[in-house]
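# A closer look at the structure
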Amino acid sequence: NKSDGTRNMIIAERDSILMEFDYSAFHIKLIANLINYPLPDNPHEYFGKQYLNKEILDQDDYDLSKAISFKVVYGGIDDDYAIIPFFKKVYEFRKKLYEEYKKNGFIRSIVFERPIGKGKNLPEHKLFNYLLQSYETEYNSVIIKRILNYLYNKETKLILYTYDSFLFNLNKH
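Every value quoted in this text rests on a predicted model; they were computed, and no experiment measured them. (Residues numbered from 1 in each chain as written. Predicted model: local features only at pLDDT ≥ 70, side-chain atom pairs only at ≥ 80, totals over all residues. Heavy atoms only, no water.)

Attention shifts here to the nonpolar core. What tends to happen in soluble globular proteins is that the nonpolar side chains get buried as a cluster. In terms of nonpolar packing, the biggest core is built from 31 residues, with F86, F87 and L127 touching the most fellow members. Elements represented by at least two residues in this core include exactly helix 1 (26-34), helix 2 (43-52), helix 3 (59-74), helix 5 (85-104) and helix 6 (124-151). Excluding anything up to four places from it in sequence, F87 contacts F47, Y51, S69, V72, V73, I77 and Y81. (Core = buried A, V, L, I, M, F, W, Y, C linked by side-chain atoms within 4.5 Å. Buried < 20%, exposed > 50% of the residue type's maximum accessible area, 1.4 Å probe, protein only. Helix = DSSP H or I, 4+ residues; strand = E, 2+ residues; numbered from the N terminus. Contact = heavy atoms within 4.5 Å.)

So, in structure tokens, the structure goes:
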């Protein structure tokens, strides 16, 4: 939890500092990769300008944009947002994915091609969420392996992973 002080329990070792690397708009970028849609570096600002019909967003606008994006991605794509090209492609991808699921009884995960939804009767939005969550996990397992290989025999250590960030105990030396 970022707001209740829980993270204050994690303390750097002697001669070290804590450093966090956080993916910005990670799931949005994963989706963009799935649908082959180029996004700018800051998708929340990009979409916020479209949602709110503004050229400049303040912090409240930016936070609202993030909330709308995640609602649309994880829930349903309302008509108001279906006209945005990105979400139109997401909608089409979800429909195609669900057709494949209904035809085959499962879909395969993106990285490791593991079956998803086999023996279940998943609604479309849940199937998409499962695919996205498996993509994030599988993608990051590959990244973690690369990080651990790089850090092997180094004093800096990866000490915490959450779905979109990595926390390191970074040795000052």
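Applying the stated criterion across every chain yields a total of four salt bridges. Measuring nitrogen to oxygen at the nearest pair gives 3.9 Å for the salt bridge that ties E45 to K49. Note that E45 and K49 are positioned in helix 2 at a spacing of four residues, about one turn of the helix. Its relative accessible area of 32% is what places E45 among the partly exposed residues. Its relative accessible area of 28% is what places K49 among the partly exposed residues. The salt bridge involving K54 is made with D61; its shortest N-O contact spans 2.9 Å. When salt bridges that share partners are traced, they join R94, K95 and E124 into one network. (Salt bridge = Lys/Arg side-chain N within 4 Å of Asp/Glu carboxyl O.)

A positive phi angle, near 55°, is found at N53, a position not held by glycine. Note that N53 resides in the loop between helix 2 and helix 3. Although it is not a glycine, N153 adopts a positive phi angle of roughly 65°. On the secondary structure map, N153 appears in the loop between helix 6 and strand 4 (157-162). You can call N153 exposed: its relative accessible area is 68%.

With that settled, consider the sheet that holds strand 1 (residues 16-22). Ordered by their spatial adjacency, three strands build an open sheet running 1-5-4, and the pairing between neighbours is antiparallel. Looking at the sheet topology across the chains shown, the edges are occupied by strand 1 and strand 4. Strand-to-strand, the axes of this sheet are offset by a mean angle of 20°, without reference to chain direction. Two elements, strand 4 and strand 5 (residues 165-171), share five bridges in a ladder whose sense is antiparallel. Opposite L160, over in strand 5, you have L167 as the bridge partner. (Pairing = 2+ DSSP bridges. Axes fitted to C-alpha atoms, helices over the stretch in contact; angles between N-to-C directions.)

Between the first and last C-alpha of helix 3 there are 23 Å, a value that for 16 residues agrees with the 22 Å anticipated at 1.5 Å per step. For helix 3, the complete set of buried residues consists of D61, S65, I68, S69, V72 and V73. Viewed along the axis of helix 3, the buried residues span an arc of 125°, placing them on a single side of the element. Exposed and facing more than 90 degrees away from the buried side of helix 3 are Q59, D60 and K71. Looking at the buried side of helix 3, the elements it contacts are helix 1, helix 2, helix 4 (79-82), helix 5 and helix 6. (Expected span 1.5 Å × (residues − 1). Arc of directions from axis to C-beta.)

Take the packing of aromatic side chains next. For the coordinates displayed, the defined rule picks out 18 aromatic pairs. Ring geometry for F47 and F86: centres 5.0 Å apart, planes at 50°, overall tilted. Placement of F47 in helix 2 and of F86 in helix 5 is noted, with a sequence separation of 39 residues between them. Between F86 and F87 the ring centres are 5.0 Å apart and the planes differ by 85°, which places this aromatic pair in the edge-to-face class. Across the pair, F87 and F86 agree in class, each one buried. Here a set of aromatic residues connected by ring pairs shows up, and it is made of Y37, Y46, F47, Y51, Y81, F86 and F87. The ring of F106 has K118 sitting right over it, with the charged end atom 5.1 Å from the ring centre. Directly above the ring of Y150 sits K154, whose terminal nitrogen or CZ lies 4.3 Å from the centroid. (Phe/Tyr/Trp six-rings, centres within 6.5 Å; stacked < 30°, edge-to-face > 60°. Lys NZ or Arg CZ within 6 Å of the ring centre and 35° of its normal.)

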